[in-house]
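# Structural features, examined
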Amino acid sequence: MNNFDEYIKNKAAEEQKDIPDIVKKRIEQTLADLPEKKSVIKQIHIFPRIAAVAACLVFITLFLLPNVSVAYAQTLGQIPIIGDIVRVVTIRNYFYADDKHEMDINVPQIEGESSEAVDYINKDVSVLTTALVNQLYKDLEITGNNGYGSIYVDYEVTTNTERWFTLKLFVSETAASSNTYFKFYHIDKKQGNIVELGDLFNTDKYSDILVSEIKKQMKEQMANDKNVSYWINNNGTGEEFAKVSADHNFYWNENGDLVIIFDKYEIGPGSMGNPAFVIDRDVFKDILKSEFKDIVF
Amino acid sequence: MILTDKEAFCEHIRLCEKAMYSLAFSIVRNDSDAGEIISESIYRAYKYLETLKNENSFKPWILRIVHNTAVEMIRKNSKIIPMGEIPDFPDDNLENDITTRLTVREAVNRLKQPYRTVVVLFYYENLSVSKIAQITSTNMVTVKKQLSRARKMLREILKEDFNV
């Protein structure tokens, strides 16, 4: 923490004020008016039974069956699993600041078992971030004190279960205008592969299905809120949205639904930011490849 | 652990009420609307309590509800002045008398949105950048940028005190 942050935090602590009576009374009244809630303790009570059954299944699957069945043991041995990757660390930080430019780039690296998938992602992230750093220094050389610009890169591990790993990279650039975009990297740990959107489906029709659903949601949002605007059809003010490419950004939400996320200006004006659409599992379940049907987080 | 009853829920709310008030006030800047936002947020949180998977995440969870409720109320209710369009607090005293010392809270209140909110969450509530990103439904890069700009503005406002 720098001196200024420390100064502000100390002052903030000294200046902490109590909640005004009017607000405090409102809170207490609201709490008093809440109905009693049914206890969910039952869920906790049944957990040990579920855990016991699960433990038995694990024992049978991983210990008993391989020892009594040669075929099963061979099959189990052939399943390529990326095990406990998966610690992600910041291996490098590029920082630069002057009155008109700012750069803060955190470069992540996946650590753990080496695999083609992990190596590919680490290399891709490195190439991308190096290119961004070089671009900023090049801009500095060209424009010097006459231009403004900033670039920030950061990352987040949004999923890291036994089944799936997702690394989300944010890139935010500001020059004449600002632009934020994302890059999602997914690893199917069961298969040991990098997975892109197109890999999830057993037909090329997935693009038409997703586009149709997204357009439906766009229209609903625009009908419900006059501030919402998307470029659905080519009406002279923007480009038509007609395709979701095989490497388009996506992630799974906690319900196992797909979330399709767009870059700024990709399907609407800048005021829409980075739009994201949740595609209910029912929409794509019939074209989802069998190996991904068990994905629920 | 899972919150199981009304009493436990109320206790958690009381532990977080200062933070809820600071956040709501940073957005609407009046006690009446802040109280309304907190009340509505408590109802919503209680209704959807089962969706909270980890009791330890209660504070960022409830603050996110407060933030969303405040933003929603601003959009729906024209009597609340939209974020970013709120006029600055009068600053004549400061400009006319350089010996006037502002408290940090007064300085924070002079910031526009979204800078007030990120400053309150970062400096007053000691929340991390990633938690603030969750609460404000943005991302860490955006929060870092907002904090960086807010710092510059606060340095300017408080330069007499901080000697930079």
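Relevant structure appears above.
Structural notes, computed from the coordinates. Only a predicted model underlies this, so the values are computations on that prediction, with no experimental measurement involved.

## Concerning the packing of helix α2 (residues 21-33) of chain A against helix α2 (residues 31-47) of chain B
- Packing of α2(A) against α2(B) leaves a shortest axis separation of 9 Å and a crossing angle of 20°. Comparing their axes, α2(B) and α2(A) come out roughly parallel. Remark: the crossing between α2(A) and α2(B) carries right-handed chirality. The residues of α2(B) that touch α2(A), namely those facing A:I22, A:V23, A:R26, A:I27, A:T30 and A:L31, are B:D31, B:A34, B:G35, B:I38, B:S39, B:I42 and B:Y43.
- Along the lines of polarity and charge, the residues of the contact of α2(A) with α2(B) split into eight nonpolar, three polar and two charged.

## Section: the interface of chain A and chain B
- If you look at the interface, chain A gives 30 residues, while chain B gives 35 residues.
- At the level of elements, α1 (3-14), α2, α3 (41-68), β2 (101-111), β3 (149-160) and β4 (164-174) of chain A are the ones that each hand at least two residues to the side of chain A that touches chain B.

## Observations concerning the nonpolar core
- Among the nonpolar cores identified, the biggest contains 73 residues, and B:M20, B:L23, B:A24, B:I38, B:V66 and B:V119 are the most heavily contacted of them.
- Per-element tally for this core: the top contributor is helix α1 (residues 6-28) of chain B, with eleven residues.
- Aside from chain neighbours lying at most four places away, what touches B:A24 is B:A34, B:I37, B:I38, B:V66 and B:A70.
- Core analysis: the second largest hydrophobic core is formed by 15 residues, A:L197, A:L210, A:Y230 and A:V244 among them.

Conventions and cut-offs
- Residues numbered from 1 in each chain as written.
- Chains lettered and ligands numbered in written order.
- Predicted model: local features only at pLDDT ≥ 70, side-chain atom pairs only at ≥ 80, totals over all residues.
- Axes fitted to C-alpha atoms, helices over the stretch in contact; angles between N-to-C directions.
- Helix = DSSP H or I, 4+ residues; strand = E, 2+ residues; numbered from the N terminus.
- Parallel < 35°, antiparallel > 145°, perpendicular 65-115°, else oblique.
- Left-handed = near helix turned anticlockwise from the far one by under 90°.
- Contact = placed C-beta atoms within 7 Å.
- Nonpolar A, V, L, I, M, F, W, Y, C, P; charged D, E, K, R; others polar.
- Core = buried A, V, L, I, M, F, W, Y, C linked by C-beta atoms within 7 Å.
- Buried ≥ 20, exposed ≤ 12 C-beta atoms within 10 Å, placed from the backbone.

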